[in-house]
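Residue-level structure breakdown
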Amino acid sequence: MSIALFVARRLGRGLVTILFAVTVTFLLLRLLPGDPALAVASPNTTDEAREALLVQYGLDRPLIVQYVLYLGQLLQGDLGTSFTQSVPVVDVLLERLPWTLLLTVTSLVLTVVIGIPLGVLAAAHEHRFLDRFVQVVGVTGQSLFVPSIGIVLLLVFGLALGWFPIGGATGDNVYGAAWYGSVVAHLVLPAVSLTLIQLGSYVLTMRGTLIDALAADHVTLARANGLPYRRILWKHALRNALLPATTLIGLQLGFVVGGAVLTETVFAYPGIGRGIYEAVTQLDFPVLQGAFLLLAVTVVVVNMLTDIAYGFLDPRVKAS
Amino acid sequence: MRLRRAGAIVGAVAVVIALGACAPQAPPGASTDPEADGGTLRIATTTDVVNFNPLIGNSRSDSWVTGLMYPRLLSVGDDGSKQPELATGWGYVDETTGWYEIRDDMTWSDGRPLTADDVAWTMNAVKRDAPSGTFTGQLTNFESAEAVSGTRVEIALTQPDSSVVEEIGFWGTIVPRHVFEPEGSVADFANAGGDDGWVGAGPFVLTQVQVGQSYTLERHEDYPLVEGGRAEAARVVYRVYPDINTEILALRSGEVDLIANSLPPAQVDRLADTDGVEVAEVTGLGYSHMTYNMDQPDLARTEVRQALAHAVDYDAIREVVLQGQAVSTLSSPLMPVLTDYHDDSGTEYEHDPDLAGELMESAGYVRGADGRFPVSFRMIYPLQDPVTSQWAQLVQDGAAEAGITLDLQGTERNTYLAQTQQGDYDIYAGNFAIMDDPMTNFALSYLPGGAINYTHVDDPELSALIERAARTFDEEAKIALMQEAAALVQEEVYDNVMYTQNLYLAHSSEWTGFVSKPSELLSLVNPVSIASAHRVPEQS
């Protein structure tokens with residue numbers, strides 16, 4: 001199969017996945033109890049005024065009409081207007097997107113940078129104390145729940161020690177170079193929380209695949225040839241073991257996005273996740289549709305890139 | 001090698017310069033040194049501001065932040081009576097014409113005077129465009145407003161209404177005509193600041209928004225409602241936190257100076273004993289209640305509603321769940337805080353499970369072998385309200401003691417609102433944050449078709465009393481009619497009003513001078529309070 005055909009197929013699958021995500025999101029939101037007019041109107045609003053709001057939001061039309069109109073808007077690159085804020089959804093998302101990117105990318109980098117060496121360390125010391133210790137840490141990390149970690153970190157490092165701020169992404173009225181210091185200080189606790197919950201998967205996957213790789217024939221041959229163990233580990237075994245870890249980055253992205261929603265909520269971090277939380281309480285359909293579309297596209301694109309990268313890294317995948 | 005190193009240094013410097021250029025710069029109008037000129041008051045809230053247009057917004061954060069920019073005609077005292085704010089006088093020319101006299105010394109932050117024209121235009125625009133905020137709901141009997149002079153506004157009513165002048169005055173927020181009119185419908189205008197920023201006439205004006213985390217307001221140098229003619233603090237920053245517990249952490253760590261949300265009962269004593277924190281009591285102006293849906297045939301019977309009312313242990317709710325931080329309303333919708341209206345000779349429904357059982361038997365219900373009557377009722381309540389969630393359990397236990405089965409259905413907010421609106425419940429449990437005007441409250445709660453008539457009551461005698469009170473301009477006669485109506489509500493259990501919760505707010509002991517107003521809407525964060533707050537002078 002040519003590279004062009006391979007990429008085209010992945011693109012096609014990605015588009016179908018996005019259409020599926022758009023449709024499911026659209027339908028699920030309309031299955032939610034309550035209606036957006038009730039969520040935003042004051043208690044003394046009359047039924048007529050509520051109905052007028054529904055008309056204004058376009059929710060008085062049949063579902064299929066709403067769906068077709070929504071798809072038409074999307075094809076023109078229009079995500080609609082927020083019910084509650086009366087501003088374009090694109091503006092709402094663009095204000096929040098940089099913070100979510102900063103948080104998720106930072107935690108992904110931290111996870112890979114810490115997780116892979118820890119996995120190597122465990123595999124190199126298989127069945128010894130260090131291996132068991134790393135496994136316990138990995139399994140514990142997988143079992144953790146963001147809000148629980150968040151509260152502990154806030155209590156210890158925010159309140160008791162006072163090292164980091166309690167919430168937000170920057171301090172008030174901080175400008176120039178000081179702004180970067182403030183951003184980093186506010187990023188530490190949410191990024192650590194998000195890293196801790198992902199770390200286990202990387203450590204355990206890396207450990208398992210590296211142990212398999214270390215048992216492979218070419219590694220045995222390298223040993224028989226008298227190559228130093230460190231060189232065998234890092235040059236011969238690790239290269240093969242890295243392939244599943246590459247896949248894991250793509251697979252984990254959805255998990256990271258889900259984790260980001262909780263993390264941003266716990267730490268009042270002003271990203272898309274916190275925006276979703278607030279839009280759900282207000283039943284702001286356009287913002288929710290836009291946010292989920294953005295997240296779906298991100299996950300699909302990263303998975304697609306991972307697939308394509310995998311295809312380049314391992315010719316057997318492309319051939320199949 | 002040297003070349004590569006030099007390239008790396010040049011690259012690093014370029015990155016630093018590029019990053020420096022990307023960092024945000026101070027917005028125009030920001031104080032250069034707020035700490036030297038009154039300081040920055042940092043306030044915690046739990047939700048973002050959704051709307052900067054005060055005519056649309058309904059959330060607490062919307063009201064608190066926009067309330068610092070856009071004045072109301074009237075404020076409210078601890079007894080629910082209306083007090084002057086932008087308006088210095090108000091009343092009726094005749095039964096269908098009201099008037100307000102407004103201050104002549106208020107200016108918008110762009111230097112233009114705030115006149116009666118702004119007031120009249122705002123009222124007419126809200127009537128015309130019907131934005132979703134609370135103001136619109138007050139304009140049912142409002143026809144139009146006219147600025148008859150620079151400081152006097154007269155409003156024409158569609159029918160006699162003895163409450164509407166005060167209600168419009170309190171709930172109506174005044175916006176600058178010269179900013180809002182060019183934007184078309186006030187129901188659609190986002191008021192997002194634009195290129196020229198915000199224009200307000202309150203003690204502070206918004207200058208910077210960091211979505212999801214903070215809202216910065218700078219002092220408006222002309223605010224004659226406080227001593228000195230301007231606010232004490234140079235700047236106010238509202239910061240957003242996910243919940244009250246995180247807000248408390250932020251207060252204790254010194255990240256904020258005041259929590260705008262009232263404290264949960266269990267946190268009050270704990271925080272009062274915390275160094276560096278002070279807890280202030282604020283009068284509640286709302287109530288918690290249960291209503292029995294009379295569309296349900298069993299609940300249409302007075303004895304059944306009375307039985308349910310006598311099955312509740314009200315003292316336990318107030319003492320255990322609310323830790324004594326609540327006042328009995330004596331089962332009347334005319335709460336004790338409304339001193340002119342409250343009848344203190346009344347008595348609360350007695351907690352008497354035996355009497356409740358007898359009332360059920362007198363209504364023809366026969367206990368089964370298990371001692372239970374063959375009826376069950378579904379009670380809805382909002383899960384996000386921990387206090388109601390707790391007392392709902394006590395209500396269920398009390399009913400069980402009387403042989404009546406209650407099925408509790410706690411749901412998230414939107415489901416709860418939908419169930420309420422559709423009448424999809426037997427018993428509704430909830431609370432109203434602010435019931436400042438008894439007349440309006442009675443009309444909305446007990447007239448057929450009233451927006452919050454959750455009992456679905458349609459009693460001609462009660463309706464006649466309420467409608468007569470609405471047309472009565474003599475205060476004493478109106479109070480007498482309202483008390484008669486309240487007695488009927490209690491006797492027939494058209495509403496089971498249980499308590500008014502006292503509110504407690506926490507602030508740093510480094511700040512003082514707050515001016516408390518009733519209800520969580522105003523509390524310590526009303527504009528006069530925030531303008532009066534100042535740092536405690538350092539002891540030399």
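If you're wondering where the values come from, they're calculated on a predicted model, not measured in any experiment.

Thoughts on the overall build of chain A
When helices and strands are counted, chain A shows 13 helices and 0 strands. Secondary structure elements in chain A, listed N-terminal to C-terminal, are α-α-α-α-α-α-α-α-α-α-α-α-α. Expressed as lengths along the three principal axes of its C-alpha atoms, the size of chain A is roughly 85 × 60 × 40 Å. By the burial criterion, 37% of the 320 residues in chain A qualify as buried.

Regarding the confidence of the model for chain A
Any segment with low pLDDT has predicted coordinates that should not be analysed in fine detail. The pLDDT averaged across chain A works out to 84; a share of 96% of its residues lies at or above 70. For chain A, per-element mean pLDDT is lowest for helix H13 (residues 315-319) of chain A, which scores 60, and highest for helix H4 (residues 63-75) of chain A, which scores 91.

Quick notes on helix H14 (residues 438-446) of chain B
Counting buried positions along H14(B) yields 9 of 9 residues, so the element is predominantly enclosed. Those residues of H14(B) that are buried lie in contact with helix H5 (164-171), helix H15 (460-470) and helix H16 (475-491) of chain B.

What about the environment of A:Leu194?
Residue and element names in this part refer to chain A. Tracing the chain through its elements places Leu194 in helix H8 (residues 177-214). Sequence spacing of Leu194 and Ile3 is 191 residues, and the spatial spacing of their C-alpha atoms is 35 Å. Residues contacting Leu194, with those up to four places away along its chain left out, are Leu103, Ser107, Val256, Gly259, Ala260 and Thr263.

A word on the sheet that holds strand E16 (residues 405-411) of chain B
All names here are of chain B. The strand order across the open sheet formed by 6 strands is E14-E18-E13-E17-E15-E16, and the pairing between neighbours is mixed. Sheet topology places strand E14 (326-328) and E16 at the edges, where each strand pairs with a single neighbour. Taking each pair of neighbouring strands and ignoring which way they run, the sheet shows an average axis angle of 25°. Pairing analysis gives 3 bridges linking strand E13 (residues 287-292) to strand E18 (residues 496-501), with the strands arranged antiparallel. Within E18, the position partnered with Met290 by the bridge is Asn496. Contacts between helix H13 (residues 413-422) and the sheet are confined to strand E15 (376-382), E16 and strand E17 (427-432), with E15 contributing the most and set at about 130° to the helix.

Observations regarding the interface of chain A and chain B
Contact with chain A, which involves 49 residues of that partner, is made by 48 residues of chain B. At the level of elements, helix H2 (36-40), helix H3 (47-57), helix H5 (89-124), helix H7 (146-160), H8, helix H10 (229-266) and helix H11 (272-282) of chain A are the ones that each hand at least two residues to the side of chain A that touches chain B. The dominant element in the side of chain A that touches chain B, judged by the number of residues it contributes, is H11(A), at 5 residues.

With respect to the packing of helix H10 (residues 314-321) of chain B against helix H12 (residues 386-401) of chain B
Residue and element names in this part refer to chain B. Where H10 contacts H12, the axes come no closer than 10 Å and their chain directions differ by 140°. Of the possible angle classes, the one that applies to H10 and H12 is oblique. Every pair of crossing elements has a handedness; the one defined by H10 and H12 is right-handed. Residues Ala316, Ile317 and Val321 of H10 pack against Val387, Gln390, Trp391 and Leu394 of H12.

Remarks on the packing of H10(A) against H11(A)
Relative orientation and spacing of two packed helices are given, respectively, by the angle between their axes and the distance between those axes. Residue and element names in this part refer to chain A. Direction vectors running N to C along H10 and H11 enclose 80°, while the axes themselves pass 7 Å from each other. In terms of orientation, H10 and H11 fall into the roughly perpendicular class. In this structure, H10 uses Ala260, Val261, Thr263, Glu264 and Thr265 to contact H11, whose residues at the interface are Gly273, Arg274, Ile276 and Tyr277. Across the contact of H10 with H11, the residue classes tally to 4 nonpolar, 3 polar and 2 charged.

Structural notes on the sheet that holds strand E7 (residues 152-157) of chain B
All names here are of chain B. Here we have 4 strands laid out as an open sheet, ordered E4-E5-E7-E6, and antiparallel in their pairing. Lying at the two open borders of the sheet, with one neighbouring strand each, are strand E4 (87-94) and strand E6 (142-147). Here the average twist between neighbouring strands, direction ignored, is 20°. Both E4 and strand E5 (residues 97-102) contribute to a ladder of 6 bridges, which runs antiparallel. Bridge assignment links Trp90 to a residue of E5, and that residue is Tyr100. Sitting on the sheet, H5 is in contact with E4, E5, E6 and E7, with an inclination near 150° to E4.

The rules behind each value
- Residues numbered from 1 in each chain as written.
- Chains lettered and ligands numbered in written order.
- Predicted model: local features only at pLDDT ≥ 70, side-chain atom pairs only at ≥ 80, totals over all residues.
- Helix = DSSP H or I, 4+ residues; strand = E, 2+ residues; numbered from the N terminus.
- Buried ≥ 20, exposed ≤ 12 C-beta atoms within 10 Å, placed from the backbone.
- pLDDT = per-residue confidence, 0-100.
- Contact = placed C-beta atoms within 7 Å.
- Pairing = 2+ DSSP bridges.
- Axes fitted to C-alpha atoms, helices over the stretch in contact; angles between N-to-C directions.
- Parallel < 35°, antiparallel > 145°, perpendicular 65-115°, else oblique.
- Left-handed = near helix turned anticlockwise from the far one by under 90°.
- Nonpolar A, V, L, I, M, F, W, Y, C, P; charged D, E, K, R; others polar.

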